[in-house]
Structure formats: structure tokens, C-alpha cells
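Residue strings, one per chain:
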Amino acid sequence: MKKVKLVGTDITTSALGFGCAQLMRVSSVRLRQQLLNEAYDAGVCHFDVARMYGLGLAEAELGKFARGKRDKLVLATKFGIDLNPKGTSTARLQGMARRLIAMFPALRILARRHTGTLLAPRRYDAAKARSSLETSLRELGTDYVDLFLLHEPTLDDVTNSDVMEFLNDARSQGKIRAYGISGPIHDVVAICRNVPGLASIVQIPNDAITRDIDKLAPYANRAIITYSPFSNALKQVVDRIKIAPRISDRWSKATGKDGMPTDEIAFFLLRYCLQANPSGVVLFSTTKLERLKMLAKTVTEDSSVDSSLRSFLRYVDEEIRTPRH
Ligand SMILES: NC(=O)c1ccc[n+]([C@@H]2O[C@H](COP(=O)([O-])OP(=O)(O)OC[C@H]3O[C@@H](n4cnc5c(N)ncnc54)[C@H](OP(=O)(O)O)[C@@H]3O)[C@@H](O)[C@H]2O)c1
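Residues numbered from 1 in each chain as written. Predicted model: local features only at pLDDT ≥ 70, side-chain atom pairs only at ≥ 80, totals over all residues. Heavy atoms only, no water.

Moving on, we get to the side chain of S14. Here S14 is to be found in strand β2 (residues 12-14). One polar contact links the side chain of S14 to the main-chain carbonyl oxygen of L16, over a distance of 2.8 Å. The contacts of S14, once residues within four sequence positions are left out, are M1, K2, K3, V4, G43, V44, C45, H46 and V281. (Helix = DSSP H or I, 4+ residues; strand = E, 2+ residues; numbered from the N terminus. Polar contact = N/O pair within 3.5 Å; in protein donor to acceptor, adjacent residues only side chain to side chain. Contact = heavy atoms within 4.5 Å.)

This is how it looks when you write it as C-alpha cells:
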């Protein structure tokens, strides 16, 4: 697995990071730990979590996995979005909810709709950062986190915030190694422009369709982590290929296989993200062991895929980003 040194820090990590936002959707502790271990065995040492992932339970699950190998891992967590008391009590029913959703998958849509009602108002001040960090350290079972990120703040949230002094203190005390911001590109760009001290590490969505990372070009010289290579793009590309199959026709001719499988499209989408962020990290996630193995292989250096990746990106440009019809 390719390693990268995050700009402006002494943190070396894996080019591919595993995201834990959906980890608690996996039905058992055994399978969740197996998934994390599979990522680790494939060379992933970067794990991204947040206080509110898995309704507050994902950090503890990641902490269990980190036991005995903490110094080999780069753990990133976030603060600012947290559960309200109703969210905290609902979290205790998660095991039962998972079993119900496994039996009746349509319930997942209801569960997602419900999530907004379980969250407290967002806060990014020093007091919130302090209490959230203490909770994260306890849940993760560690005395430091590598990256401590503000979770989706707007410019207004941070303009007059006292948080930076706390973050610098926490870094001096060794409780965090580095800090930064995460969230949608327009908020991240606004903070890069107006409160640059908070944004020396930025975590943004990026995929082959939106190519949000291009919007950071004026704000170079900072560590970039991107997320969501598939969640927006995969379905759009799959759907487009159904009505404009020229790329899958070419692929079929070259490989002798019928149609272009979704896994192959996912491979190109991930490959694009890695190429677009060569000195940073690309976060992905899956709840499926087999997919994880397949995706982790994507990062092995293989320049022979470059020309097919270029064709894929040209297709995305012509058929999805700027379609002529
Ligand atoms: N503000 C922030 O900082 C922020 C925001 C969003 C996300 N993140 C981080 O980034 C991580 C990744 O984000 P994301 O969940 O949006 O990730 P993603 O990797 O873009 O999408 C994951 C989804 O893609 C599906 N998938 C993956 N490979 C597939 C394939 N070959 N065929 C079909 N479906 C496939 C997975 O389904 P299966 O599970 O069925 O495989 C899963 O539902 C999160 O876990 C989180 O850690 C951070």
C-alpha cells in the first residue's frame, strides 16, 4: 500500500483510508472487526471516524480493533455534530434495529429519516471541542488522536470561535497530532480563504463527476483528504452506461466479457480519486468483506491502467459532466 506524508505534519499514513460512517450497519461485532482487520491486512492504516458515527458507538468499535496496534494506525476523528439525549438513548437500541433492518430492509429509509431528530445543535467552540475530545479518547481507548477535525462547520460557525487556541493547546499536550476541517467544498473553501489557520488539513468530498478537489487549487500547500468516491458517482455512472453504453461496449470488446460490471466502474472511480490526490488520502467505505479486498487492490501501483482510466474519465466528461444530449 502506498504511503503518504501529510503536508505540514509529521504524519505518515496510507493513501487509502477506511471510513467508519457505516461500520455499525454491519450486523455483528465479529464481522465489524473482521472488516477492519481485512482493511489493515490490505495495508490500510488510516481510519476515519466521528463522534456521531454509528450513533456514538463507532469510535468504541474502532478502539477495540486498535488495541495492541495503536502506534501502527492513524486515527482521525471529528467533533461538532453530536447526539442529543434522545439520540443517546436510541443508540442503545441499535442492535435490535440492525436485526429488524436485516429482516425488513425498507426500514433503513425510515431509520435514515429519523437520524436528524437525534442530533444536538452543532457547536464548534473550545468547550465543545474539549468535551468531545475527552469522550473520543475514552471511546477509542487511546491517549491521542492523530487527526482531530471540525465536522462540517460553516464559515459563520468558526469566524468568532475560540476553538483554535484549544486545538493548539491540545496539540502541545500531545492529545492530538494535527487538526483541520471537514465538509462540503463551498464551506471548506470559505474557511480556507477566511480562517486559514484552521484549515491546514482539509477533508472534502471528491469523485470523478464533481471533481471538487479542483476547487482547492488556489489553496495548495495543505494536506488533503477526500471522501465518497462512490456514494454520489457510482449510481450515476451505472445508470448512464445503461442508456449510453459506448464505454461498456469498448470494454466488452477488449475483455470478451458481457457488459461493464459495477465493480469495474468502482475500480475506475477509486483510481481517479487516488490519482487526483497523489500526496493525500482517499477515504472509502464498504460493509462487504469481498468488496474491501477488491478495492484495496486498487492502490497497487499499475501504470498499465492509466490509458483505460483516461478513457473512462473522458466518457464521464462527455456523457455525464457536459452531456451534449
Ligand atoms: N464530513 C466528512 O468528513 C465526511 C462526510 C462523509 C463521509 N466521510 C468519511 O468518508 C467515508 C467514506 O464515505 P462514503 O460512505 O460516502 O463512501 P463511499 O466509499 O463513496 O461509498 C460507500 C458506499 O459505496 C458502496 N460501494 C462500494 N463499493 C461498491 C461496489 N463495488 N459496488 C456497489 N456499491 C459499492 C458501499 O456499499 P456496500 O457497503 O454495500 O459495499 C457503500 O454503501 C465515510 O465512512 C466517512 O468516514 C467523511
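Our next topic: unusual backbone geometry. Positive phi, normally seen in glycine, also occurs at E152, with a value near 60°. For R211, which is not a glycine, the phi torsion comes out positive at approximately 45°. Relative to the helices and strands, R211 resides in the loop between β8 (201-205) and β9 (223-227). The class for R211 is buried, based on a relative accessible area of 10%. (Buried < 20%, exposed > 50% of the residue type's maximum accessible area, 1.4 Å probe, protein only.)

For the pair helix α2 (residues 58-66) and helix α6 (residues 126-140), interaxial distance at closest approach is 7 Å and the crossing angle is 45°. One element, α2, and the other, α6, form an angle in the oblique class. Only S136, E139 and L140 of α6 make contact with α2, whose side of the interface consists of E59, A60, L62 and G63. Partitioning the contact of α2 with α6 into residue classes produces 3 nonpolar, 2 polar and 2 charged. (Axes fitted to C-alpha atoms, helices over the stretch in contact; angles between N-to-C directions. Parallel < 35°, antiparallel > 145°, perpendicular 65-115°, else oblique. Nonpolar A, V, L, I, M, F, W, Y, C, P; charged D, E, K, R; others polar.)

Everything listed here is a matter of geometry and, on its own, says nothing about what the molecule does.
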